[in-house]
Amino acid sequence: MGLQVEQFMCRTDNFGILIRDEATGTVGLIDAPEEGPILEAIERTGWTPSILFVTHHHPDHVEANQALKARFKLKIVGPKAEAAKIPGIDETVEEGSDLAFGEERVRVIETPGHTAGHVSYVFEKSGVAFTADTLFALGCGRLFEGSAATMHASLNKLAALPADTRVYCGHEYTLSNARFAMTIDPTNPALKARVAKIEALRAQGKPTLPTTIGEELSTNPFLRPHDPAIRKGLGMETASDAEVFAEIRKRKDVS
Ligand code: ZN
Ligand code: FE
């Protein structure tokens, strides 16, 4: 028994995600990027959602909120700090909010930086985290509404989850993240091996997600600002982790 996850593509590179608590048959959605592919996934699985967990207010995460609410009468949960920007929101959550989802508990972690109120949802019993546009495989979200220091602190919270936590993200950005990661951490053998795997998956049109916290800790440059080789490469051996993180983020923005 545990949390079942059905991941599928929406728009160009967004993930739609249906989740089901095996014990009770409770079904939910993580974000609502696009109605059509979500309806197809519901049809294919036979899983009818009763709740929608929204991570942040960007249109590519809330576009189908109202349509899905009208169709399924689902409850929409989202970050308190962005409630005014989330269509159809019924219930707000914040740091430490603890929700029931069937027999699962859902813990809310505030992970601002990409947006000011972005939250991540952690299903602790099953060891699954939904990090949307905060933590990506080999990357992190762009800083639209937060500083590098804010995003660095958010990533540190996620990095502290158990290493075997499976992580689902908001976008399939892994291949371009991988190419950038190689410019920051070119001598990391774990990264090199992972890049080869990612290239093979993408060549077959397969998703590169989920990842795990452990895999990100060993290969994602945004979680590795403490790494001596990365610091040396950047000429930032005496800088703080937050400063090294900010430099890596800046380089990604112009890459
Ligand atoms: Zn976004
Ligand atoms: Fe997004």
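In what follows, the structure referred to is the one given above.
Per chain, residue numbering runs from 1 following the sequence as it is written. Working convention: letters from A go to chains and numbers from 1 go to ligands, in the order in which they are written. Only residues with pLDDT of at least 70 get local features here, since the model is predicted, and only at 80 or more are side-chain atom pairs given and counted; chain-wide, interface and lining totals rely on the full set of residues. Only hydrogens and water are set aside when side-chain values are computed; all heavy atoms of the structure are taken into account.

## As for the nonpolar core
Line of reasoning, step 1. Counting residues in each nonpolar core, the largest one holds 47 residues, and the members touching the most others are Ile-19, Phe-53, Tyr-121, Phe-123 and Phe-130.
Line of reasoning, step 2. Only DSSP runs of H or I covering at least 4 residues are called helices, and only runs of E covering at least 2 are called strands; the numbering of each starts at the N terminus. Counting residues per element, this core draws most heavily on helix α4 (residues 148–159), at five residues.
Line of reasoning, step 3. Any two residues whose heavy atoms approach within 4.5 Å at even a single point are treated as in contact. Beyond its immediate sequence surroundings of up to four residues, Phe-130 is in contact with Leu-3, Val-5, Ile-17, Ile-19, Ile-30, Ser-120, Tyr-121, Phe-123 and Tyr-168.
Line of reasoning, step 4. Grouped together as the second largest cluster of nonpolar side chains are 19 residues, Ile-38, Trp-47, Leu-52 and Ile-76 included. As used in this record, nonpolar core signifies buried Ala, Val, Leu, Ile, Met, Phe, Trp, Tyr and Cys residues forming a set joined through side-chain atoms within 4.5 Å. Buried means the residue's accessible area, taken with a 1.4 Å probe over protein chains only, is under 20% of the maximum for its type, while exposed means over 50%, and partly exposed covers the values in between.

## As for the packing of helix α5 (residues 174–184) against helix α9 (residues 241–253)
In a packed pair of helices, the relevant descriptors are the angle between the two axes and the axis-to-axis distance.
Line of reasoning, step 1. All axes here are fitted lines through C-alpha atoms, helices being fitted over the stretch that makes contact, and every angle between N-to-C directions spans 0 to 180 degrees. Taken N-terminus to C-terminus, the directions of α5 and α9 make an angle of 130°; their axes are 11 Å apart at the nearest point. On the basis of the axis angle, α5 is oblique to α9. Remark: the crossing between α5 and α9 carries right-handed chirality. For the pair α5 and α9, the contacting residues are Asn-177, Phe-180 and Ile-184 in the first and Ile-248, Arg-251 and Lys-252 in the second.
Line of reasoning, step 2. Residues are grouped as follows: Ala, Val, Leu, Ile, Met, Phe, Trp, Tyr, Cys and Pro are nonpolar; Asp, Glu, Lys and Arg are charged; every other residue, Gly included, is polar. Its residues assigned to classes, the contact of α5 with α9 comprises three nonpolar, one polar and two charged. Note that the term roughly parallel is reserved for angles under 35 degrees, roughly antiparallel for angles over 145, roughly perpendicular for angles of 65 to 115, and oblique for everything else. Working rule for handedness: look at the near helix, and if it is turned counterclockwise from the far one by less than a right angle, call the crossing left-handed; if clockwise, right-handed.

## Focus on the coordination of the zinc ion (ligand 1)
Angles at a metal have ideal values that depend on geometry: 109.5 degrees with four tetrahedral donors, 90 or 180 degrees with six octahedral donors.
Line of reasoning, step 1. The rule for donors is simple: an N, O or S atom within 2.8 Å of the metal counts, and for Na, K and Ca the reach is 3.2 Å. Water is not among the atoms, so a site may look short of donors. Listed as protein donors to the zinc ion (ligand 1) are His-56 (NE2), His-58 (ND1), His-114 (NE2) and Asp-133 (OD); their distances from the metal cover 2.2 to 2.3 Å.
Line of reasoning, step 2. The rule is simple: four donors are tetrahedral if all their angles sit between 85 and 135 degrees, four are square planar and six octahedral if opposite donors span more than 155 degrees and the others lie between 65 and 115, and anything that fits none of that is irregular. Of note is the zinc ion (ligand 1), whose four donor atoms meet at the metal with angles of 83 to 173° in an arrangement that counts as irregular.
Line of reasoning, step 3. For the zinc ion (ligand 1), the donor residues sit on a single chain with the sequence spacing H-x1-H-x55-H-x18-D.
Line of reasoning, step 4. Between the zinc ion (ligand 1) and the iron ion (ligand 2), a separation of 3.0 Å is found, and both are coordinated by Asp-133. Of the two residues, His-56 sits in the loop between β4 (51–53) and α2 (59–62) while His-114 sits in the loop between β8 (104–110) and β9 (119–123), which places them 58 residues apart along the sequence. In this pair, the class of His-56 matches that of His-114, namely buried.

## Here's the deal with helix α3 (residues 65–72)
Line of reasoning, step 1. Residues of α3 that are buried include every one of Asn-65, Leu-68 and Phe-72, and no others. The arc enclosing the buried residues of α3, seen along the axis, measures out at 75°, which places them on a common side.
Line of reasoning, step 2. In this structure, the buried residues of α3 make contact with β3 (26–30), α1 (35–45), β4, α2 and β5 (75–79).
Line of reasoning, step 3. Lys-73 occupies a position one or two residues after α3 and carries a positive phi of about 55°. Summarising the geometry, the arc corresponds to the directions from the helix axis toward the C-beta atoms.

## Looking at the sheet that holds strand β2 (residues 14–21)
Line of reasoning, step 1. Any two strands are treated as partners once DSSP identifies two or more bridges connecting them. Taking strand neighbours across the sheet as the criterion, the six strands line up as β1-β2-β3-β4-β5-β6 in an open arrangement whose pairing is mixed. Where the open sheet ends on each side, the last strands, each with one partner, are β1 (3–10) and β6 (91–93). For this sheet the average axis-to-axis angle between neighbouring strands, irrespective of direction, equals 25°.
Line of reasoning, step 2. Bridge count for β2 against β3 is five bridges, and the pairing is antiparallel. Looking at β3, one finds that Leu-18 is bridged to Leu-29.
Line of reasoning, step 3. Lying over the sheet, α1 contacts β1, β2 and β3, oriented at roughly 140° with respect to β1.

## Side note on the packing of aromatic side chains
Line of reasoning, step 1. Side-chain rings of Phe, Tyr and Trp (the six-membered ring for Trp) are treated as a pair once their centres are within 6.5 Å; stacked means planes under 30 degrees apart, edge-to-face means over 60, and tilted covers the remaining angles. Scanning the entire structure with this criterion turns up nine aromatic pairs.
Line of reasoning, step 2. Considering the side-chain rings of Phe-53 and Phe-101, the 5.9 Å spacing of their centres and the 70° angle between planes classify their relative orientation as edge-to-face. You can see Phe-53 sitting in strand β4 and its partner Phe-101 sitting in strand β7 (residues 98–101), a full 48 residues away along the chain. The pair formed by Phe-53 and Phe-101 is uniform in burial state, with each residue classed as buried.
Line of reasoning, step 3. Measuring from centroid to centroid gives 5.5 Å for Phe-130 and Tyr-168, while their planes differ by 25°, and the two rings are stacked. In this pair, Phe-130 sits in strand β10 (residues 128–132) while Tyr-168 sits in strand β13 (residues 166–169), placing the two residues 38 residues apart along the sequence.
Line of reasoning, step 4. Judged by its relative accessible area of 1%, Phe-130 is buried.
Line of reasoning, step 5. Here a set of aromatic residues connected by ring pairs shows up, and it is made of Phe-53, Phe-101, Tyr-121, Phe-123, Phe-130 and Tyr-168.
Line of reasoning, step 6. The ring centre of Phe-180 lies 6.0 Å from the NZ or CZ of Lys-252, which sits over that ring. Counting as a charge over the ring demands two things of the Lys NZ or Arg CZ atom: a distance within 6 Å of the ring centre and an angle within 35 degrees of the ring normal.

## A closer look at the coordination of the iron ion (ligand 2)
Line of reasoning, step 1. For the iron ion (ligand 2), the full set of protein donor atoms is Asp-60 (OD), His-61 (NE2), Asp-133 (OD) and His-171 (NE2), at a range of 2.1 to 2.4 Å.
Line of reasoning, step 2. Geometry at the iron ion (ligand 2) is irregular, judged from its four donor atoms and the angles of 84 to 170° they form at the metal.

## Concerning the side chain of Arg-194
Line of reasoning, step 1. Looking at the element boundaries, Arg-194 is found in helix α6 (residues 189–203).
Line of reasoning, step 2. At 3.2 Å, the side chain of Arg-194 forms a polar contact with the side chain of Thr-211.
Line of reasoning, step 3. The contact partners of Arg-194, leaving out residues within four places of it in the chain, are Ala-137, Leu-138, Thr-211, Glu-215, Glu-216 and Thr-219. Residues adjacent in sequence count toward polar contacts only when both atoms are side-chain atoms; beyond that, a polar contact is any pair of N or O atoms within 3.5 Å, and within protein one must be able to donate a hydrogen and the other to accept it.

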